[in-house]
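Coordinate analysis (summary)
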Amino acid sequence: MNRKKNWEQILADDRTVSLFVVGLGFACGTLLVLLVGKNPAGMYQAMLQTLTGWDITRKVWNARYIGEWLTASIPLILCGLSMGFAARTGLFNIGAEGQYIVGLTAAQFVALYFPPVPVLHWVAALAAAGLAGALWGGIVGILKARFEVSEVVATIMLNYVAFFLSRWVSMAIPGANTYRTPNFPPTATLASGFLENLTNGSRLNYGLFLALLACLFYWFIIEKTNLGFSLRATGLNKEAARYSGIPVTRSIASSMIIAGMFAGFAGAAVALGSFNYGRVLGGYDNYGFNGIAVALVGNSQAGGILASGLLFGMLASSQPLMQSRQIPKEITLIISGLVVVFISLRAGVKLFLDWRAKKATRTGGRSNDE
Amino acid sequence: MDTYAIEMLEITKSFPGVLANDRITLQVKDNEVHAVLGENGAGKSTLMSILFGLYAADSGTIRVRGKEVRIDDPNHATSLGIGMVHQHFKLVHNYTVTENIILGNEPRTVWGNVGIKKAESDIQALSTQYGLDVDPKAKIESISVGMQQRVEILKILYRKASILIFDEPTAVLTPQEIDELMKIFDRLKAEGKTILLITHKLREIKATADRCTVLRRGKFIGTVEVADTSEGRLAEMMVGRKVSFSVERKPRVPGAVVLEIDNLTVRGSRGHSAVPSVKNLSLYVRKGEILGLAGVDGNGQTELIEAITGLRPIESGKITISGKDIGRATIKARIEAGMGFVPEDRHKHGLVLGFRLDENLVLKTFFAPPYTTSFGVLSRRKIFENATDLIAAFDIRAGEGPATKASSMSGGNQQKAIIAREIDLSPELLIIAQPTRGLDVGAIENIHARIVAERDKGRAVLLISFELDEIFNLCDRIAAISKGEIVGIVENKEADERKIGAMMAGMVLGREGRQG
Ligand SMILES: Nc1ncnc2c1ncn2[C@@H]1O[C@H](COP(=O)(O)OP(=O)(O)OP(=O)(O)O)[C@@H](O)[C@H]1O
Ligand SMILES: [Mg+2]
């Protein structure tokens, strides 16, 4: 009787649904690899190597892979937080990409022009990125709160504006060509000799701590503060929040500001962590858009976003390893695509699970009678 | 020997933390009106949901017309001739009456397309047969709540139901609509249908039901012949103690004016109408008195409350609380000025259903100490303790205590939670709209006593209710509203139902041709 009830509860839990969906994505991926006539073991070996650095076929260990995996996860986690934070207030922040771009651009700008004082330099660059992202998100928040402009439309437009603005600003920097600016002074970068050594020369940098701190900050704001309370109330029932005197418009604006800040930090983490020069963007980096998937799979919970950011980071950074094992690298894209599709079908999955739970109680009830 | 249309034997169903149905037995005779009575959270809706295939029972047997069945889902229930009118209607708003009725069950012409014409005539025939007055071509959004309910009834009759379940059908209706529904029940019975009726209103049971089954806290208490059982006895069975139907209200000299409304004009919600919904309205409520606002639904009450509480801008005029002009203040400022408010629609406005009970109980106070400590950090412990106190003080029943999700609480207990929260704010002025809609007599007694206690503590209370009984029971003065204007204000002592009714209706009759 008790076990039955637990089962029912577990099935109703968002976390379980996410895990289930991820499992399903992997199962389909495996099947596909089989269908194209390859050995799925190669795929799992590549993933194992990404996660642990352990190459099972050649029996060698190289921590660099772990470093690259974590590095790839940093902007995904931060953009996931951006998306998730807005989602908790009932907003769809499809503009994380634009906020990411302005953050990246601001960080590059400060990296090039701020006096090269140790520590202060990258702190200033980070702050500038956070502020730029916050501003970019804030514009949308205020448009939405004040004039009921749809945040979806506004953010999509601002993504374009951010992109062209970034190219224009970056190319105007003296010494810049069509794809890069001069190098940053070393004081600007987030590069960490310690972390690099630890991971055998990977690009892992202090951005990792930035992402972890951001998760902690997210969790703290959402779960522990009165600001988080008003945001969640607004997200769940805007009318009731308004009736209760919660300043709904302010909630919406502050939510977009904080969401933008997270994406701006993601931009800084990439600009200052993985590069030592400013980039003139030739296209979207897509971290902002991938953040949507990260937040969806992570249920917009801090811990969930961290986990799902690491998952998507793993899928991305295991691509070259798969190729070296003759597994088409597109398989990772298919798996992440499937996971997103499945998670979007969550409503359906849930219905199914509800139905299952009902069946389970029914048969459970019958055996109780006898 | 009687034949039973429905037998539910030893039905048990548990939810996390609650035994919602504990070996309940319900036997409904063929062609009777059978009422199910029970306190809020007694398990009535759960039992009906099991019968309709929405939940699976943990154990127990169901027989329909003597045959044992396992009802897997609503479609199965429908095929057994069971239909249900839910408390919250499930209609598609921009569809017509006909489209809603045939939805999922569309008749086909020989060409294979939907035979709307045929459906319309079928529905017309059904509606005359049962006296269910509807316009088959009207859109749902343009018809009244009472008519929407008739559409729901037609929908199940159209599917050839012979056993009709009504879960609190009168909770959303005005007194006039309730009278009509009672007539519809008689008609359905005369046409051979069996009716299962959940209601908290003893008067309705006396008026229509043949027999009544009483539940208390998930347990079966008994089934009685309604004709041989007094209202008092029914209430006692249901609550487990004697219930008094009227509150004791000591005479009290009202104090200074708290709420003063002066020449207030407010525009209507139905947008484009040039006629204001509240016109040059003036009234006041003093410390230690309850002012009741009586009126037929749709005469400006909603707009008036929204203007006072800050949800709707005012056109002109003044609203003051204890001398402070709040006519254009923010909602939060009004709450801080000492205004508590129990809204009419608890799901939409009163609660965040996705929140836990304890979070809902601090919805208006969470941002300040003791719930927020330094740096905006919430004190989960204080929030939890507050809920524990209020649950005890207001007898709120929730399966998992303060941690219960508001959405899993029974309707009545949700309402108790809102009232507990608003009264606990200890406001100068308490505005209460339809406080006991959907509540059982025990809970009504409790809440009425609370409201009077607030008055005795010196609060000013403005009560809006469609139930004249409630108004007479609680109020010191009664204002009648019609077409957005106050028709008159009388002392309770000098008023009777006829007088108030005439005040409300007289104006309505006097202004024919100007539909509100
Ligand atoms: N889906 C659910 N999950 C958890 N608990 C539930 C659920 N539905 C009902 N309950 C609990 O079961 C009990 C019975 O609820 P039910 O809705 O049947 O009461 P009710 O008699 O219809 O009350 P009311 O008159 O207030 O509508 C309550 O304690 C309620 O909190
Ligand atoms: Mg109910």
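Residues numbered from 1 in each chain as written. Chains lettered and ligands numbered in written order. Predicted model: local features only at pLDDT ≥ 70, side-chain atom pairs only at ≥ 80, totals over all residues. Heavy atoms only, no water.

1. Observations concerning the overall build of chain A
- Helix and strand content of chain A: 17 helices and four strands.
- A compact globule built from 370 residues would reach a C-alpha radius of gyration of about 21 Å, and chain A, at 22 Å, matches this within 12%.
- Principal axes of the C-alpha set define a box for chain A whose edges measure 85 × 65 × 35 Å.
- By the burial criterion, 53% of the 370 residues in chain A qualify as buried.
- Pairs at least 24 residues apart make up 75% of the contacts formed inside chain A by residues separated by at least 6 positions.
- Here chain A has roughly 16,200 Å² of accessible surface; of this, 67% comes from carbon and sulfur atoms.
- Both charge centroids of chain A, one from 29 positive and one from 16 negative side chains, sit 1 Å from each other. (Helix = DSSP H or I, 4+ residues; strand = E, 2+ residues; numbered from the N terminus. Rg over C-alpha atoms; globule rule 2.2 N^0.38 Å. Buried < 20%, exposed > 50% of the residue type's maximum accessible area, 1.4 Å probe, protein only. Contact = heavy atoms within 4.5 Å. Areas by Shrake-Rupley, 256 points an atom, 1.4 Å probe, with all protein chains shown as cover. Lys, Arg positive; Asp, Glu negative; His and termini not counted. Charge placed at Lys NZ, Arg CZ, Asp CG, Glu CD.)

2. Describing the domain arrangement of chain B
All names here are of chain B.
- Taken as a whole, chain B is organised into domain 1 (4–239) and domain 2 (256–338 + 427–516).
- Here domain 1 and domain 2 have C-alpha centroids that lie 34 Å from each other.
- With 16 residues of domain 1 in contact, the opposing surface of domain 2 contributes 12 residues.
- For the pairing of domain 1 and domain 2, the buried interface totals around 970 Å² over both sides, and the portion due to carbon and sulfur atoms is 55%.
- Considering only the surface of domain 1 that becomes buried against domain 2, Asn-40, Ala-171 and His-200 emerge as the three largest contributors, covering 35% of it.
- Put simply, domain 1 and domain 2 have two salt bridges between them.
- Between Arg-203 and Asp-469 there is a salt bridge, and its shortest N-O distance comes to 2.2 Å.
- Joining domain 1 to domain 2, the criterion identifies two residue pairs in polar contact (both at pLDDT 80 or more).
- Those elements that provide at least two residues to the side of domain 1 that touches domain 2 are α6 (175–190), α7 (202–208) and α8 (231–239).
- For the side of domain 1 that touches domain 2, the element with the most residues is α8, which contributes three residues.
- Counted by class, the side of domain 1 that touches domain 2 contains seven nonpolar, five polar and four charged residues. (Domains from an automatic or database assignment. Buried area = accessible area lost by both parts, 1.4 Å probe. Salt bridge = Lys/Arg side-chain N within 4 Å of Asp/Glu carboxyl O. Polar contact = N/O pair within 3.5 Å; in protein donor to acceptor, adjacent residues only side chain to side chain. Nonpolar A, V, L, I, M, F, W, Y, C, P; charged D, E, K, R; others polar.)

3. Quick notes on the interface of chain A and chain B
- On the side of chain B, 38 residues touch chain A, which itself brings 28 residues to the contact.
- For the pair chain A and chain B, the summed buried surface comes to about 3,000 Å²; carbon and sulfur atoms form 57% of the total.
- Its salt-bridge partner being Glu-359 of chain B, residue Arg-232 of chain A comes within 3.1 Å of it at the nearest N-O pair.
- Our count for the contact surface shared by chain A and chain B stands at 10 residue pairs in polar contact (both at pLDDT 80 or more).
- For the side of chain A that touches chain B, the secondary-structure elements that each account for two or more residues are α1 (2–11), α9 (207–224), α10 (226–236), α11 (238–243) and α17 (346–369) of chain A.
- Residues that form the side of chain A that touches chain B fall into these classes: eight nonpolar, nine polar and 11 charged.

4. Let's talk about the packing of helix α6 (residues 120–147) of chain A against helix α12 (residues 248–273) of chain A
Residue and element names in this part refer to chain A.
- Two elements in contact, α6 and α12, have axes whose closest approach is 6 Å; the angle formed by their N-to-C orientations is 145°. Every pair of crossing elements has a handedness; the one defined by α6 and α12 is right-handed.
- A breakdown of the residues in the contact of α6 with α12 according to their chemical character gives 16 nonpolar, eight polar and one charged. (Axes fitted to C-alpha atoms, helices over the stretch in contact; angles between N-to-C directions. Left-handed = near helix turned anticlockwise from the far one by under 90°.)

5. Remarks on the sheet that holds strand β12 (residues 278–286) of chain B
Residue and element names in this part refer to chain B.
- The strand order across the open sheet built from four strands is β12-β11-β14-β15, with neighbouring strands paired in antiparallel fashion. Here the strands that pair on one side only, and so sit at the sheet edges, are β12 and β15 (324–325).
- Judged from the six bridges that link them, strand β11 (residues 257–266) and β12 form a sheet pairing that is antiparallel. Paired with Leu-259 across the strands is Val-285, a residue of β12.
- The sheet strands contacting helix α9 (residues 301–309) are β11, β12 and β14 (316–321), and the helix crosses β11 at an angle near 120°. (Pairing = 2+ DSSP bridges.)

6. A few points about the layout of surface pockets
Residue and element names in this part refer to chain B.
- Of the volumes computed, that of the second largest pocket is approximately 1,200 Å³.
- Forming the walls of the second largest pocket are 46 residues, and the residues nearest its centre are Lys-201, Arg-203, Glu-467, Asp-469 and Glu-470.
- Of all the secondary-structure elements, those providing two or more residues to the lining of the second largest pocket are α6, α7, α15 (441–456), α16 (468–474) and α17 (497–510).
- If you tally residues by element for the lining of the second largest pocket, the top one is α6, at five residues.
- When its residues are assigned to classes, the lining of the second largest pocket shows 19 nonpolar, 14 polar and 13 charged.
- Structurally, the lining of the second largest pocket is a two-domain feature, drawing no fewer than three residues from each of domain 1 (4–239) and domain 2 (256–338 + 427–516). (1 Å grid on protein atoms, 1.4 Å probe; cavity = no way out; pocket = protein on both sides within 12 Å on 5 of 7 lines; lining within 4 Å. Points joined across faces, edges and corners; volume = space filled by probe spheres on them.)

7. Thoughts on the site of ligand 1
Residue and element names in this part refer to chain B.
- In the vicinity of ligand 1 there are 19 residues, among which Gly-41, Lys-44, Ser-45, Thr-46 and Gly-412 approach most closely.
- In the environment of ligand 1, an oxygen atom lies 3.2 Å from a nitrogen or oxygen atom belonging to the backbone of Ala-42.
- Ser-45 places a side-chain nitrogen or oxygen 2.7 Å from an oxygen atom of ligand 1.
- When the free accessible area of ligand 1 is taken as 640 Å², the share hidden by the protein chains comes to 85%.
- Take the shell around ligand 1: its biggest share by element is three residues, from helix α1 (residues 44–51).
- Of the residues in the shell around ligand 1, the class split is six nonpolar, 10 polar and three charged. (Near = heavy atom within 4 Å.)

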